[in-house]
Amino acid sequence: MSNALLKVTGLKKAYGAIQAVGGVSFEVMPGEIFGVIGPNGSGKTTMFNSVLGQITPDAGTIELKGQNITGLSPLELSRRGVGRTFQTLQVFGKMTVRDNLIVAAQEHHGSMWSRMFAPGDSGLGDKADALIDQFRIRHVADSLAGTLSYGQQKLVDIAMAFMAEPDLVLLDEPCAGVNPSLVGGISSLLKELNKTRKGSFVVIEHNMDFVMDLCHRIMVMVEGKVMAIGTPAEIRANKQVLDAYLGN
Amino acid sequence: QEVIKIANIVELSGGGASAGTNFKNGVELAVKEINAAGGILGKKIQTTTNDTQSNPGVAKGLTQKAIDNDVFAIFGPVFSGSIMVSMAESRRAEVPNFTGGEAAGITEQGNPYVFRTSFTQASAMPKVARYISEQAKLKTIAIIYVNNDFGKGGLDALKKALANSPTKVVAEVSTDSGQVDFSAAVLKAKQSNADGVFAYSNEEESARILRELKKQGWTKPIIGETTLTGQKVIELAGDAANGAIAHVGLTVDAPQPAIRAFRAKFEKEYKYVSDHNGMKGYSGIYILKAAIEKTGKLDRKAVAATLHTLKVKAADQPGVLMDVSFDAKGDLDRESFMIEVKNGKQEVVSILPALGAGAAPAAAAAKK
Amino acid sequence: MADDICIEFDDVVAGYKDFMILNNLSFKVRRGSITLLLGPNGAGKSTVLKTLFGLLKPRQGRILLNGENIAGASQKELLAKGIAFVPQGRNLFGQLTVFQNLELGGITLGTKITHERIPEVLEFFPRVKERLHSQASALSGGEQKQLEVGRALLLRPKVLLIDEPSIGLSPLVVQDVFKLLQKLAAQGTTVLMVEQNVKSALKMADDAIALESGQLVLHKKASELLADPNIERLFLGGGHVPGAAGGSVASALL
Amino acid sequence: MTDFLQLLFSGLATGAIYALAALGFTLLWQASGTINFAQGEFVMLPAFMMLGFMSLGAPMLVSFVLTVLLAILVLGWVFKRGVVDPLFKYGMMPIVVATIGLSIFMRNGVRAGYSAEAHPFPSLFADKLFNIAGVTVTLQDIGTFVLAMAIVMGTQAFLAKTVTGRAMQAVAQNTESASVLGINVPRMIFYTFAINAVLAVAAALLVTPTYLAKFDMGEGLGNKAFFAAIIGGFNNSRGALVGGLLVGVCENLAAAYISPAYKDAVALVIFMVVILFKPQGLLGKKEERKV
Amino acid sequence: MNAIFNNKFATLFTVLGALLVLVAPQYLKNYGIYLLTYWLIFIIATMGLNLTIGYAGQKSLGHAAFFGIGAYTVAIMMKAGISFWLGLPAAALLCFAIGLILGFPALRVQTIYLAFATLGFNTAVWLVMRNEEWLTGGTFGINNIARPVIFGYSLEANRPYYYFVLAVTLVLAGLLWGLLRSPWGKAFKALRDNPIRAESLGVDIRNYTLLSFAIGAVYAGVAGALFASLVQFIEPAPFAVGASIMMYLMVVVGGAGYFLGPVIGAAVGVVLPEWLRDVPGVANWYLPLFGAAVVLLMIWLPDGLLSIPDRIKAKRAARAASAARTAAASRIGASS
Ligand SMILES: Nc1ncnc2c1ncn2[C@@H]1O[C@H](COP(=O)(O)OP(=O)(O)OP(=O)(O)O)[C@@H](O)[C@H]1O
Ligand SMILES: Nc1ncnc2c1ncn2[C@@H]1O[C@H](COP(=O)(O)OP(=O)(O)OP(=O)(O)O)[C@@H](O)[C@H]1O
Ligand SMILES: [Mg+2]
Ligand SMILES: [Mg+2]
């Protein structure tokens, strides 16, 4: 099991009396699409934020490709090829959609000093345009991201996470507010990247069709603890999970 | 030249606003009178007024502007920092420049075009020092001063003047312009156990210092310079001002008839009592008038030269308010006063002779 | 039938400054029904609700509530007429507590009634109840959404405008909320709801309106639409890769 | 020890003055999310209004009431309609700059239109000195301190304890959501600025006897109050009190025991430490969770 | 960002402006030239501040401190007999270093809290300038600062000095332009719009934050150095917090985040009050009028004067988008 891409052990985070994450351990294998589900407030987002250096966990270790990355900053993680999206909308509101995408990848090209003399779009214009087309936001490509509809902003956010071609992407509810036709698109995109580039993903999602169809394995979190980890079929069959989360 | 153009470059906003406004009002009052009486050499005076915002950089620009406009003379700025900068311009253009600044440095640059309208700290402070050590006979003194060029300049001049006297400076307390709470400053003065305190700040702060001194039960002598016993200070400090003694170069409360007349005219025109800055501006214009008339022609260079040896008597030219004489550096000399505040009024306790008039101490205390 | 109509858009033009989103849009919503507003991202669904609730002033056209033109009315007036609105995204006062957020939700009711009703609402959302005195911004995404829905229910609205309530809610909670809406509708509340969770929403709704580029493209009974074989193609993307330009996203990246 | 107490009490009195002026900052920040760089001038103007009424022969309290009304109109309503309403939705920068412009306008308007001089201002309290164990305090000091305390606590209680107070805060945090809930946003904003105007008049009444009515009195007062508000916590009205008192006392102690020339530096050091280790101020609430 | 040069109107405007700046001094007297030079110096200083505030979104209220550090560095060095040409780079370097240091609080605190911290820094620097008389001359300032000599040609007179400052302004503007159109420009904006998102995308917000301060400070420092030898006298007052606030005002009035914003903003802050002085009948009221003008400008154009072209463009774009939407809608309408 030591060849895990991401290995989280005994992760804990409490806010006062609330144990948001209470000892979570799991592993994500290279090339795996790993789902995280669980009722509202079960600590999924907090777990993500701890893994990604956005908040400092109280306990636990996080390893990426065998290296301890606990406590590293989001920047450092991005440099090591970990991308992410946020549950709350996080775009660059006063920049155009196209610039949003370009800036999402430019820092991975060359050094800071060489970028001082690089062309304005860092040669990423085509790539950005391709994603713009795929996410059907061509008509708003030159609008300021802050003026887009909720779903459109969400799409920009997701597209940004892919611009730099990270090895591992953590997505927090990517489908929320996204039109079902594009949900299918996102699903296909992940599958395809997974196949062609051996991209690995961790996805938090409440859309069960999406999760069950896409993920190789799924972890269920309840009250900050892991309730179950297994294949979609196993999870669907788990009585406990049905009661706590899925219903009917 | 049909009119005599004079530029008034003064502090109308920012920290120097009160001083600048008074100076300007004095200038304008004098100009009005002179014009009504037929002008100088038959020519009317025309003034323009510009606000330096109490900022030397702006003052420099405005001086250039005045020169571009071909003015005959420049009045202001009042603040020492500003005139130090702007006088380089008037010098270059050879335009006589009158200032209200009191810093010694102004006339020490060898600028032949700069003239004072008041004492320098260098000439006022020896008089104060003499009073402190010889008349008040204080062994030790604490100095509360405002930490700007005016206050620091005064402090340095006074320390220099006291250096060879029996009086020792036992505390130097820096305060800020605009400061409100002087309890720490007064406390430090008290702690020094000095025989008296010398307070040197702007009008409003002086009033607050006086109040705090009273509050903390200070009973020893309180001595100062012009700003300590100004009309404004008395108004603001109320009872607390009583007993304060100051050396004053110019005061509207002086018993001279010319000064009384000025006081009345100024109050009628502007509905308030002028301070010494108003007198500086007013007498400055009359000094210029006297110089031009003595020169007999409107030639800046010649007028400047005249000014350097000029002596004007108030009897001949009432507008200069007191007999005054200039020296080669542009410094002026005249009588001055020791003032004490009694029952909310300035009272002249003694008239000190002009420095040039010999050092005989004026024994006669002139009562109003 | 006419007096059965609760909300009517009549030839409405509305948008943001000079950018017109809705162009001559007309549709009607039956009283006591749950009407779904569907459409791709950026179609103008949220704009419809915002215009209806007076947050955007229509350039042209009438908006009728029970036959009365409410275009240009203030939110306070609209609330007084029994309309409540749950917008998309985050709409809480993050630095106030959960309880204070609820209190403000009932500001038009007065403190007494609000305090009476808060416990009722909290019954539906146990997670929120547990966090009653936390700062609202500390709640998880789904908890915040629950709080927002609860805050609107406090008003017992006659007309409820609700923009994608399912965003961030876990499946069980979604079911609960949908059931609750059905119950409200049965009691006579008119619900106009935007949803991307098309399949489950259609199952609980009465009518469906679809928008595209601010234009009405379809107005049907929800049950009919659910049975429509074209629905896959229309709303669900049929499972295949979207994208007008052809080619997959992945290939674009490689 | 007596000296120390003397400094302490004087510092508290001065601090109370800072606190009163700082209260305006915290109120506007909490209830409208704005910073008013003309806050000092908002105290200066009522001082002149009161002087004006008094010079017309009105007694002090009558002048105060008339000034309150006038201030609500001018500093409350006109300011809200003229400056806040058009700029509210553009965020902080334009309002900040507009109020900088406004402060220049008010300060120099009073100077050019009325007087560049300082004018004495009558005190609400009799000119009485108390000597307690060698420490002298004036009735004015005590009165200012007590009233400042009461006003700050009252404001804080209003904001935190009443629904209207919270509705005002809600407007600052999320204007659109507030209107969606039926909170009358324009009215809440008006309340905010009306209260601010009243506070300014109260501050003027208590502060001006010491500060003197002068066109630029707002500049120094505004700066100190700004520091005080930051140190105490911008989003908590009690913070204004704590910050004000702290600055007042520290200045005095520093002037006496460290260096008068660097007394401001002491306040500054506290300030820097507070900012770096507790950016929200001593009593301020923590920022929101962002992700 | 490049919109401003794509726009024909803007190009025309720029060319006319350039001609004006080059030719006007030939027809101006001393005061006019002095004023223009003053204006250029503030353009340089606010260009730097615009980078910090407008592009990188760091709310700084301490810019005048750098302006002062630049001025004092040159003045002190020249008093010690060191050439202006060594003083200028020294001023720039020193400001860069101190700017980096001031950037550190910005890593901990943001928005208004950062504004407070920078304000404190400014006050501290001012206190040192005022109190350390042995170094800075204290409140007496430093007088008779000479103007530089270039290749044996004296810049003592106003006109040559103006052209010298103009050249410096153009060079610095060019450098900033290059920087902002490179990926750095986007990184700064990303930092401004959403630092949390930016960091997760690999934008080194620490470096960019520090550099936005440091580079901004360099511009202020150079401006300060030029200021010292323009006025030929410095004292602490022009570098107090009030001056920082005025610079902030200039940036916002001109248009924060617009490349040419400082040109307009500095004109409003420096030239407008001077112009108002000469409006007949209002002389005594020029400052209140200036204050009122600032308020009105903000109300009219909250995003600054240079947002006008953007407004027009946005309007046009919105119309076009509306039309496209209607067209799309009618296609859909036809198909169903
Ligand atoms: N900053 C915080 N302060 C206090 N409590 C917090 C904070 N962040 C999270 N919590 C609490 O921790 C718990 C877990 O929150 P988290 O956001 O991780 O849930 P989640 O699983 O992502 O839920 P959802 O599906 O609703 O997004 C919640 O009860 C939340 O209220
Ligand atoms: N504040 C705004 N300023 C300018 N344009 C806007 C603004 N808000 C939305 N738009 C534009 O209006 C269009 C419709 O937006 P709207 O929010 O109504 O879409 P929607 O149908 O609700 O989409 P979604 O499913 O993504 O929420 C979008 O193209 C968007 O770019
Ligand atoms: Mg979550
Ligand atoms: Mg929407």
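Here the structure is a predicted model, which is why all the values come from computation and not from measurement.

A.B. asks: Got a minute to help me understand the overall build of chain E in this structure?
C.D. replies: Summing up its helical and strand segments, chain E has 15 helices and 2 strands in all. For a compact globule of 336 residues, the expected C-alpha radius of gyration is about 20 Å, and chain E comes in at 22 Å, within 12% of that figure. Taken along its principal axes, the extent of the C-alpha atoms in chain E is 85 × 50 × 40 Å. Counting every position in chain E, which comprises 336 residues, the buried fraction comes to 62%. Summarising the internal contacts of chain E: among those between residues at least 6 apart in sequence, 77% fall at separations of at least 24. For chain E, the computed accessible surface area is about 12,200 Å², with 72% contributed by carbon and sulfur atoms. Counting 22 positive and 11 negative side-chain charges, chain E places the centres of these two groups 15 Å from one another.

A.B. asks: What should I look at first to understand the overall build of chain B in this one?
C.D. replies: Scanning chain B from N- to C-terminus turns up 11 helices and 15 strands. Summarising its shape, the C-alpha atoms of chain B cover approximately 60 × 40 × 40 Å along the three principal directions. Put simply, of all contacts in chain B between residues at least 6 apart along the chain, 63% involve residues at least 24 apart. Side-chain charges in chain B split into 45 positive and 39 negative, and the spacing between the mean points of these groups amounts to 2 Å.

A.B. asks: Explain the site of ligand 1 to me, please; I cannot follow it from the model alone.
C.D. replies: Around ligand 1, a shell composed of 21 residues is seen, among which Thr45(A), Thr46(A), Arg131(C), Ser140(C) and Gly142(C) lie nearest. One chain alone does not account for the residues near ligand 1; they come from chains A, C and D. Side-chain polar atom of His206(A) to an oxygen atom of ligand 1: 3.0 Å apart, as the coordinates give it. Relative to its unbound accessible surface of 640 Å², ligand 1 loses 93% to contact with the protein.

A.B. asks: Could you clarify how one ought to interpret unusual backbone geometry in this entry?
C.D. replies: Backbone phi values are negative for most residues with the exception of glycine, while trans is the configuration of most peptide bonds. The peptide bond linking Gly76(B) to Pro77(B) adopts the cis configuration, its omega dihedral lying at -5°. Residues other than glycine seldom take positive phi values, yet Ser54(B) does so here, at roughly 60°. Assignment of secondary structure puts Ser54(B) in the loop between strand E2 (44-51) and helix H2 (56-68). Relative accessible area serves as the criterion here: at 14%, Ser54(B) is assigned to the buried category. The backbone of Phe151(E) sits at a positive phi, close to 45°, despite the residue not being glycine. Counting through the fold element by element, Phe151(E) comes out in the loop between strand E1 (149-150) and strand E2 (153-154). Residue Phe151(E) is classed as exposed on the basis of its relative accessible area of 84%.

A.B. asks: Please explain the nonpolar core as it appears in this structure.
C.D. replies: The tendency in soluble globular proteins is for nonpolar side chains to be buried as a group. Residues Ile35(D), Phe234(D), Leu226(E) and Ile234(E) are the most contacted members of the largest nonpolar core, which totals 283 residues. Looking at this core element by element, the count peaks at 18 residues for helix H3 (residues 30-55) of chain E. Taken domain by domain, the makeup of this core includes at least three residues from each of domain 1 (1-81 + 166-248) and domain 2 (91-160) of chain A. Among all residues touching Leu226(E), those that are not within four sequence positions of it are Ile41(E), Ile44(E), Phe84(E), Tyr161(E), Phe164(E), Val165(E) and Val168(E). In terms of nonpolar packing, the next biggest core, distinct from the first, is built from 84 residues, Ala142(B), Ile144(B), Ala240(B) and Ala254(B) among them.

A.B. asks: Sorry if this is basic, but what is going on with the coordination of the magnesium ion (ligand 4) here?
C.D. replies: Expected angles at a metal are 109.5 degrees for tetrahedral coordination by four donors and either 90 or 180 degrees for octahedral coordination by six donors. Taken together, the protein ligands of the magnesium ion (ligand 4) are Ser46(C) (OG) and Gln88(C) (OE1), with distances of 1.9 to 2.1 Å. Placement of Ser46(C) in helix H1 (residues 45-52) and of Gln88(C) in the loop between strand E6 (83-86) and helix H3 (98-105) is noted, with a sequence separation of 42 residues between them.

A.B. asks: Is there a simple way to think about the coordination of the magnesium ion (ligand 3) in this case?
C.D. replies: Residue and element names in this part refer to chain A. For the magnesium ion (ligand 3), the protein coordination sphere consists of Thr45 (OG1) and Gln87 (OE1), at 1.9 to 2.2 Å. Residue Thr45 is located in helix H1 (residues 44-51), and its partner Gln87 is located in the loop between strand E6 (82-84) and helix H3 (97-106); the two are separated by 42 residues in the primary sequence. The same class applies to Thr45 as to Gln87, namely buried.

A.B. asks: Even after reading the chapter, I still don't get the pairing of strand E3 (residues 34-38) of chain C, so can you show me in this structure?
C.D. replies: Where a strand is regular, its side chains alternate between the two sheet faces. Residues and elements named next belong to chain C. Most of E3 sits out of view: 5 of its 5 residues are buried. Across the two faces of E3 the burial is the same, with Ile34, Leu36 and Leu38 and Thr35 and Leu37 all buried. Both E3 and strand E8 (residues 190-194) contribute to a ladder of 4 bridges, which runs parallel. Within E8, the position partnered with Leu37 by the bridge is Val194. Two elements, E3 and strand E9 (residues 207-212), share 4 bridges in a ladder whose sense is parallel.

A.B. asks: Would you explain the site of ligand 2 in this entry?
C.D. replies: Neighbouring ligand 2 are 21 residues; Ser149(A), Gly151(A), Lys45(C), Ser46(C) and Thr47(C) lie closest to it. With respect to ligand 2, its neighbouring residues span chains A, C and E. Between an oxygen atom of ligand 2 and a main-chain N or O atom of Gly151(A), the distance comes to 2.7 Å. With the chains in place, 88% of the 630 Å² that ligand 2 exposes on its own is no longer accessible. Elements with a contribution of two residues or more to the shell around ligand 2: helix H6 (150-163) of chain A together with strand E2 (19-30) and H1 of chain C. Residues of the shell around ligand 2, tallied by class, amount to 7 nonpolar, 11 polar and 3 charged.

A.B. asks: In this structure, what is going on with the side chain of Glu274(E)? I would like to understand it.
C.D. replies: The topology assignment puts Glu274(E) in helix H13 (residues 261-277). A polar contact is formed between the side chain of Glu274(E) and the side chain of Arg277(E), at a distance of 3.0 Å. Ignoring anything within four residues of it in the chain, the contact list for Glu274(E) reads Val58(B), Leu62(B), Tyr31(E) and Leu35(E).

A.B. asks: Just checking my understanding: could you explain the pattern of salt bridges for this structure?
C.D. replies: For side chains bearing opposite charge, pairing can occur when the charged atoms are close. Throughout the structure, instances matching the rule amount to 58 salt bridges over all chains. Across the pair Glu76(A) and Arg80(A) runs a salt bridge whose closest N-O atoms are separated by 3.5 Å. Note on Glu76(A): relative accessible area 25%, which makes it partly exposed. Judged by its relative accessible area of 29%, Arg80(A) falls in the partly exposed class. The partner of Glu347(B) in a salt bridge is Lys342(B), with the nearest N and O atoms 3.9 Å apart. Three or more residues joined by partner-sharing salt bridges are found here, namely Asp176(B), Lys224(D), Glu251(D), Lys263(D), Asp264(D) and Arg130(E).

A.B. asks: Help me understand the UniProt feature "transmembrane region" (unreviewed entry) in chain E in this model?
C.D. replies: All names here are of chain E. The positions that UniProt labels "transmembrane region" (unreviewed entry) are, in the present scheme, residues 35-53, 60-78, 84-104, 111-129, 161-180, 210-234, 246-272 and 284-301. Note that residues 35-53 is 100% helix and 0% strand, and that its end C-alpha atoms are spaced 26 Å apart. The annotated region residues 60-78 carries 84% helix and 0% strand content, and the separation between its end C-alpha atoms amounts to 29 Å.

A.B. asks: So what exactly am I meant to see when it comes to the sheet that holds strand E4 (residues 59-64) of chain A here?
C.D. replies: Strand-to-strand pairing in sheets goes through backbone hydrogen bonds, with the strands running parallel or antiparallel. All names here are of chain A. Spatial ordering of the open sheet is given by E2-E1-E4-E5, a layout of 4 strands whose pairing is antiparallel. In the strand order of this sheet, the two ends are held by strand E2 (18-28) and strand E5 (67-68), each with one partner. The strands touched by H1 within the sheet are strand E1 (6-15), E2 and E4, with E1 carrying the most contacts at an inclination of about 115°.

A.B. asks: Explain the sheet that holds strand E12 (residues 324-326) of chain B here, please?
C.D. replies: All names here are of chain B. Taken together, the 3 strands give an open sheet; going across it, the order is E11-E12-E13, and neighbouring strands pair in antiparallel fashion. Of all strands in the sheet, those bounded by a partner on one side alone are strand E11 (311-312) and strand E13 (332-333). Two elements, E12 and E13, share 2 bridges in a ladder whose sense is antiparallel. Counted as the bridge partner of Phe326 is Leu332 from E13.

A.B. asks: Please explain a nonpolar patch on the surface as it appears in this structure.
C.D. replies: Residue and element names in this part refer to chain E. Taken together, the side chains of Leu12, Val15, Leu16, Leu19, Leu22, Val23 and Tyr27 present a nonpolar region at the surface, about 730 Å² in accessible area. Among the structural elements, Leu22 can be located in helix H2 (residues 8-27). Relative accessible area serves as the criterion here: at 46%, Leu22 is assigned to the partly exposed category.

A.B. asks: Honestly, a positive patch on the surface in this entry has me stumped. Any pointers?
C.D. replies: A cluster of basic residues, Lys17(C), Arg59(C), Lys89(D), Arg311(E) and Lys315(E), forms a positive patch on the protein surface. By the secondary structure assignment, Arg311(E) is in helix H15 (residues 307-335).

A.B. asks: So what exactly am I meant to see when it comes to the environment of Ala329(E) here?
C.D. replies: Residue position: Ala329(E) is located in helix H15. On the accessibility criterion, Ala329(E) (1% relative accessible area) is buried. If near-sequence neighbours (up to four positions away) are discounted, Ala329(E) is found in contact with Ser213(C) and Gln215(C).

Cut-offs applied
- Residues numbered from 1 in each chain as written.
- Chains lettered and ligands numbered in written order.
- Predicted model: local features only at pLDDT ≥ 70, side-chain atom pairs only at ≥ 80, totals over all residues.
- Heavy atoms only, no water.
- Helix = DSSP H or I, 4+ residues; strand = E, 2+ residues; numbered from the N terminus.
- Rg over C-alpha atoms; globule rule 2.2 N^0.38 Å.
- Buried < 20%, exposed > 50% of the residue type's maximum accessible area, 1.4 Å probe, protein only.
- Contact = heavy atoms within 4.5 Å.
- Areas by Shrake-Rupley, 256 points an atom, 1.4 Å probe, with all protein chains shown as cover.
- Lys, Arg positive; Asp, Glu negative; His and termini not counted.
- Charge placed at Lys NZ, Arg CZ, Asp CG, Glu CD.
- Near = heavy atom within 4 Å.
- Polar contact = N/O pair within 3.5 Å; in protein donor to acceptor, adjacent residues only side chain to side chain.
- Core = buried A, V, L, I, M, F, W, Y, C linked by side-chain atoms within 4.5 Å.
- Domains from an automatic or database assignment.
- Donors = N, O, S within 2.8 Å, 3.2 Å for Na, K, Ca; no water.
- Pairing = 2+ DSSP bridges.
- Nonpolar A, V, L, I, M, F, W, Y, C, P; charged D, E, K, R; others polar.
- Salt bridge = Lys/Arg side-chain N within 4 Å of Asp/Glu carboxyl O.
- UniProt positions renumbered as here; feature names shortened; annotations may be inferred.
- Axes fitted to C-alpha atoms, helices over the stretch in contact; angles between N-to-C directions.
- Patch = residues over 30% accessible without salt bridge, like charges linked within 9 Å, V, L, I, M, F, W, Y side chains within 5 Å.

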